[in-house]
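Examining the three-dimensional arrangement
So you can see what is in the structure, the chains are spelled out below.
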Amino acid sequence: MINFIKQINFNKDAAVILLTEELLKQGCVPKGIKTQLSILGKSQQFSAELGQIFPVVIDKTLLLIVGLGKEKDLTLTQLRITLRNALLSSYLKKLQNIEILSHDNSKENISSVIEAVILGTYEWTKYLTKDKKEAKSSGKKYFIAADKNKHFDDIINICEGVNIARDLINDNADTINSQYLEKSIRSIIKNNKKFSLEVLNEKELKKKGLNLLLAVNQGSNKDAKLIIAKYKGNPKSKDYTAIIGKGITFDTGGLNLKPTGRMETMRQDMSGAASVIALINNAIKLDIKQNIIFACAIAENAIGPSAYKPGDIIKSYSGKTVEIGNTDAEGRLVLADAISYIVKNYKPQEVIDIATLTGACAVALGLDYSALVSNNDALAKRLITASKETDDRAWRLPSYPELKDSIKSKIADIKNTSNLKGAGGTITGAEFLRQFTDNTPWAHLDIANTAWVDNGSRMYFGAGATGSCIRLLTYYLKHK
Ligand SMILES: [Zn+2]
């Protein structure tokens, strides 16, 4: 999909040329288009203001000259968004081979160009019939004018990993069930000697007492699973980071059924588990030199005569009893058992969970920043650094001892809903998880607000799954 070329040759179907206002003024443009640009400049049709897209034809090549505005004001996010818009514009719809010339060949700029191409032009086309599919972006070749290097290869691999997760999230819930996710993990790991796999199926889950995970799945005709892939990337160390993903393959809300308008996209409720699968892929592709426990806690929150019920009290794997205040707060239940099982049996140095946990996230932070909650300042700080480095945005919300009162139950040790009448839903959800960490350094990424785009686009992501926090966590694991 992406190739690197020494210089732009104007010999493909199209060439996209990114220009800042400064470059235009100084006349620092590729030789082949100098005349055209000076004509355009004189007639003031092209000024390189941010977002301007100007088509010109030279011989058989369509040129899209794209304005980036003033260099000093340009952010990498704007670069990605602007290039994405140009690549998806109707001019390029039917063209297959596209050269791209960036305004600047720095590592950061070319990385952003790669992200605009792979993440920005991603579209979910599996169920489009043939004619429509041909016009879509799949199968296009991009030729970026830059020197190929290891860093760019890593960025390509990371972005392709993100798109693996997006494919899993976007597809039908009955296709992407627990069995399918297990198969995906096995096919990515194959015979890789650095991995060992533990899969807890219904039988093992029952025997070991992961009753919260089982309860959530009770109304489903599919199997619950806890899949744990242990990766030894650094044989010299005994330290492990655990990354645990919420994998609710479909969330009806359970007997506290979600209303119309809230349920249609709930196949995305396994975004955390899909992220973990992407991270397994990225750890292999980038040859990450860390020890990591990758885990997916998988269940389907369905309704039916055997579904678990509001008011039930269930004994968790940790031994704590949990009152079910609402069956739609199921993510914290499956994660609680997964966290305590991994902490007890694998003894990681730190635990990070990733989950579409609370709608309250969007109230607190909008749609561009995932929520980060942690019991450890150093860990939180490293994750925020990774977030800034990757533009995979996360913002820390507080965690403090007094919060434990918000999820007190009168009839069990703890409750899966809070007593705060909806106030601080993201931090009380996180507080529930914290109580199963046994004081292990822990961080929780709530991606309920960022994992999905309903319509159109947000930032440089089109409709459907975004794969949020995968770039962040890949960076974190690589640079730890
Ligand atoms: Zn739910």
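Numbering of residues starts from 1 in every chain and runs along the sequence as written. Given that the model is predicted, a residue must reach a pLDDT of at least 70 before its local features are reported, and side-chain atom pairs must reach 80 or more before they are shown or counted; all residues, however, enter totals for whole chains, interfaces and linings. Calculated side-chain values reflect all of the structure's heavy atoms, with hydrogen atoms and water omitted.

Quick notes on the sheet that holds strand β11 (residues 313-315)
The strands that make up a sheet are held in pairs by hydrogen bonds between backbone atoms, and each pair lies either parallel or antiparallel. A pair of strands is considered paired only if DSSP assigns at least 2 bridges between the two. Secondary structure elements are defined from DSSP: runs of H or I of at least 4 residues count as helices, runs of E of at least 2 residues count as strands, and each element is numbered from the N terminus. The strand order β11-β12-β16 describes an open sheet built from three strands, whose pairing is mixed. One side of each edge strand has no neighbouring strand; the edge strands of this open sheet are β11 and β16 (414-415).

Details of the sheet that holds strand β2 (residues 14-19)
Strand order in the open sheet formed by six strands is β1-β6-β5-β2-β4-β3, with mixed pairing between adjacent strands. Two strands in the sheet have a free side with no partner beyond their single neighbour: β1 (2-5) and β3 (53-58). Within this sheet the neighbouring strands show an average axis-to-axis angle of 25 degrees, counted without direction. Its contacts with the sheet place helix α2 (residues 34-42) against β2, β3 and β4 (61-67), and it is angled at close to 135 degrees to β3. Angular values range over 0 to 180 degrees, each being the angle between N-to-C directions of two axes fitted as lines to C-alpha atoms, with helices fitted over their stretch in contact. Between two residues, a contact is recorded if the distance between any of their heavy atoms is within 4.5 Å.

Description of the coordination of the zinc ion
A 2.8 Å cut-off from the metal defines N, O and S donors, relaxed to 3.2 Å for Na, K and Ca; water is not in the atom list, so some sites may appear incomplete. Only Asp251 (OD), Asp328 (O), Asp328 (OD) and Glu330 (OE) from the protein coordinate the zinc ion, and they sit 2.0 to 2.3 Å from it. The sequence pattern describing where the donors of the zinc ion fall on their chain is D-x76-D-x1-E. Owing to a relative accessible area of 0%, Glu330 belongs among the buried residues under this scheme. Any residue under 20% of the maximum accessible area for its type is buried, any over 50% is exposed, and the rest in between are partly exposed; the area is computed with a 1.4 Å probe on protein chains only.

Considerations on the environment of Tyr317
Checked against the element boundaries, Tyr317 lands in the loop between β11 and β12 (321-323). Along the sequence, Tyr317 and Ser374 sit 57 residues apart, while their C-alpha atoms lie 22 Å from each other. Among all residues touching Tyr317, those that are not within four sequence positions of it are Lys208, Gly209, Leu210, Asp337, Ser340, Tyr341, Lys344 and Asn345. Distance and chemistry together define a polar contact, namely a pair of N or O atoms within 3.5 Å, with one atom able to donate a hydrogen and the other to accept it when in protein, and with adjacent residues in sequence counting only for side-chain atoms on both sides. In terms of polar contacts, Tyr317 uses its side chain to reach the side chain of Asn345, at 3.0 Å.

Things to note about the nonpolar core
The nonpolar core is taken to be a set of buried Ala, Val, Leu, Ile, Met, Phe, Trp, Tyr and Cys residues, with the residues joined through side-chain atoms within 4.5 Å. Counting residues in each nonpolar core, the largest one holds 85 residues, and the members touching the most others are Ile100, Ile114 and Phe294. In terms of residues, this core owes the most to one element, helix α6 (residues 150-170), which gives nine residues. Counting residues domain by domain, this core receives three or more from each of domain 1 (2-147) and domain 2 (157-479). Contact partners of Phe294, with chain neighbours within four places excluded, come to Phe195, Ile227, Ile228, Ala229, Tyr231, Ile243, Val276, Leu279, Ile280, Ala283 and Leu477. By size, the runner-up hydrophobic cluster in this structure holds 51 residues, among which are Leu226, Tyr317, Tyr341 and Ala371. Note that domain bounds follow an automatic or database assignment of domains.

Observations regarding helix α15 (residues 470-479)
When you tally the buried positions in α15, you get seven out of 10 residues, the bulk of the element. Along α15, the residues that are buried comprise Ile470, Arg471, Leu472, Leu473, Thr474, Tyr476 and Leu477.

Section: the pairing of strand β14 (residues 370-374)
For β14, a buried count of five out of five residues is recorded, marking the element as mostly surrounded by other parts of the structure. By the bridge criterion, three bridges tie β14 to strand β15 (residues 394-396) in an arrangement that is parallel. Each residue of the ladder has a partner; that of Ser370, found in β15, is Ala394. For the segment spanning β14, helix α13 (residues 377-390) and β15, crossover handedness is right-handed. Strand direction decides the pairing type here: β14 and strand β17 (residues 442-446), joined by four bridges, are antiparallel. Residue pairing for β17: Leu372 is matched across the bridge by Leu445. Look down the strands so they point away from you; if going from the first strand over the helix to the second traces a clockwise path, that crossover is right-handed.

Looking at empty space enclosed by the protein
Only protein atoms enter the 1 Å grid used here. Points where a 1.4 Å probe fits but cannot escape make up a cavity, open sets with protein on both sides within 12 Å along at least five of seven lines make up a pocket, and a residue lines them when an atom lies within 4 Å of a point. Grid points are joined across faces, edges and corners, and a volume is the space filled by probe spheres set on the points. According to the stated counting rule, one finds one cavity of 30 Å³ or more in the structure shown. If you trace the largest cavity, you find 16 residues lining it, with Asp368, Asp392, Thr450, Phe461 and Ser468 closest to the centre. Nonpolar residues are Ala, Val, Leu, Ile, Met, Phe, Trp, Tyr, Cys and Pro. Charged residues are Asp, Glu, Lys and Arg, and all others, Gly as well, are polar. Per-class residue counts for the lining of the largest cavity are five nonpolar, five polar and six charged.

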